[in-house]
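Structural description and commentary
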Amino acid sequence: MAEQRIKVMIVDDSALVRQVISQALMADAGIEVIGTAADPIFALQKMNAQWPDVLVIDIEMPRMDGITFLKKVMAEHPTPVVVCSSLAEKGAQATFEALAAGAVSIITKPKVGLKSFLEDASNNIVQAVRSAARANMRAVRTTPVTSTFAGFRPKLTADVMLSSANNAALVKTTEQIIAIGTSTGGTQALEIVLSKLPATALGIVVVQHMPEKFTAMFAERLNNLCQIEVREAKNGDRVMPGRALIAPGGRHMMLKRNGAQYVVEVVDGPLVNRHKPSVDVLFRSVAKFAGANALGIIMTGMGDDGARGMKEMHATGARTIAQDEASCVVFGMPKEAIKLGAVDQVMALEQIPQAIVGFGK
């Protein structure tokens with residue numbers, strides 16, 4: 001039986017953007033562009049006749065801005081949305097609000113050289129739409145999510161950042177940590193988990209796939225909602241009880257040991273699994289420097305980033321948990337970790353906070 005084509009609507013006030021994205025998507029036999037619109041009002045008129053499987057939208061548009069449009073769609077007919085927007089600093093807050101309102105992923109576009117960028121990024125646009133079409137919208141509540149798509153590059157492993165740990169389990173100490181990796185659906189999932197933790201919770205290190213400029217705002221939002229301190233990590237920050245450190249967008253974060261204490265190293269480097277920050281880089285460093293003193297958690301997200309790193313953590317004696325399929329927006333990263341035999345326990349999102357509180361007791 002032939003694959004059912006993914007129906008896409010493109011909403012952008014730029015005729016050039018509509019044209020180039022349409023051409024990129026229509027080159028894929030599995031995707032059908034059912035319409036384009038210059039603004040959300042026109043889009044809604046067309047969507048009433050035929051509702052798309054995936055929407056590709058801009059943020060700044062006439063008559064109705066993209067954020068309002070997104071909220072309206074999510075309230076009336078939850079639909080996977082790919083945001084294609086500039087990440088100019090003045091627009092970063094608006095873009096983040098769109099992601100928080102329910103967008104499944106984001107493709108960054110520049111202010112200049114737009115046509116050549118969109119043509120070069122055609123594979124990533126197709127990938128974003130295909131991934132969005134698989135999103136579990138029932139798991140998208142009120143605060144989803146982001147994933148970035150860089151241009152096509154070879155898929156590198158954590159070897160480019162640090163050597164692997166040996167498989168000998170490290171001796172347990174009184175200093176224990178929690179390491180969390182997540183991607184699409186992760187902003188919502190992290191809010192649910194971290195907001196339920198007591199102020200005395202173990203120190204936490206987090207990689208959430210996010211572009212630059214978003215992680216600081218995301219951490220600030222969580223800090224206002226949580227009993228624990230949540231902040232964007234800086235090089236040399238100590239991992240300590242009552243604190244969660246979120247890897248900055250565009251930088252890798254690794255755990256290091258400083259005497260009896262754990263600290264983070266925040267560094268530049270190549271993309272690993274096409275991501276920076278990479279969950280695999282964090283998890284490998286946790287395996288190497290914490291071993292059995294760590295609890296690793298892999299949650300909702302596309303792809304397989306973190307699966308091999310979790311396998312390494314498991315081999316060095318860490319306890320490992322994967323979020324279950326029913327509560328994931330995208331059951332990609334947890335599924336791959338489970339397939340590798342890297343996971344001790346699979347559990348629903350709502351069970352994870354208690355697992356964190358109970359670790360080491």
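Before going into details, it helps to say that this report is about the structure given with it.

Regarding the nonpolar core
Residues Leu25, Phe69 and Leu194 are the most contacted members of the largest nonpolar core, which totals 84 residues. Excluding residues that lie within four positions of it along the chain, leucine 194 makes contacts with Ile204, Leu222, Cys226, Ile228, Val230 and Ala244. Counting residues in hydrophobic clusters, the runner-up holds 31 residues, among them Ala179, Ala247, Tyr262 and Ala337.

Here we look at the environment of leucine 349
Checked against the element boundaries, leucine 349 lands in the loop between strand 15 (345-347) and helix 12 (352-358). Judged by relative accessible area, which is 2%, leucine 349 ranks as buried. Sequence separation between leucine 349 and glutamine 323 is 26 residues, and the spatial gap between their C-alpha atoms is 5.9 Å. Other than its neighbours up to four places away in sequence, leucine 349 contacts Ala189, Ile192, Val193, Met299, Gln323, Asp324 and Ser327.

Overview of the packing of helix 9 (residues 279-289) against helix 10 (residues 307-315)
Taken N-terminus to C-terminus, the directions of helix 9 and helix 10 make an angle of 10°; their axes are 7 Å apart at the nearest point. One way to sum up the angle between helix 9 and helix 10 is to call them roughly parallel. Contacts between helix 9 and helix 10 involve Asp280, Phe283, Arg284, Val286 and Ala287 on the former and, on the latter, Ala307, Arg308, Gly309, Met310, Glu312 and Met313. Considered class by class, the residues forming the contact of helix 9 with helix 10 number 6 nonpolar, 1 polar and 4 charged.

With respect to the sheet that holds strand 12 (residues 261-267)
Taken in spatial order, the 3 strands make up an open sheet running 9-12-11, and their pairing is antiparallel. Edge strands, defined here as strands with exactly one partner in the open sheet, are strand 9 (238-239) and strand 11 (252-258). Pairing of strand 9 with strand 12 involves 2 bridges; the strand directions are antiparallel. Paired with arginine 238 across the two strands is valine 263, which belongs to strand 12.

Thresholds applied
- Residues numbered from 1 in each chain as written.
- Predicted model: local features only at pLDDT ≥ 70, side-chain atom pairs only at ≥ 80, totals over all residues.
- Heavy atoms only, no water.
- Core = buried A, V, L, I, M, F, W, Y, C linked by side-chain atoms within 4.5 Å.
- Buried < 20%, exposed > 50% of the residue type's maximum accessible area, 1.4 Å probe, protein only.
- Contact = heavy atoms within 4.5 Å.
- Helix = DSSP H or I, 4+ residues; strand = E, 2+ residues; numbered from the N terminus.
- Axes fitted to C-alpha atoms, helices over the stretch in contact; angles between N-to-C directions.
- Parallel < 35°, antiparallel > 145°, perpendicular 65-115°, else oblique.
- Nonpolar A, V, L, I, M, F, W, Y, C, P; charged D, E, K, R; others polar.
- Pairing = 2+ DSSP bridges.

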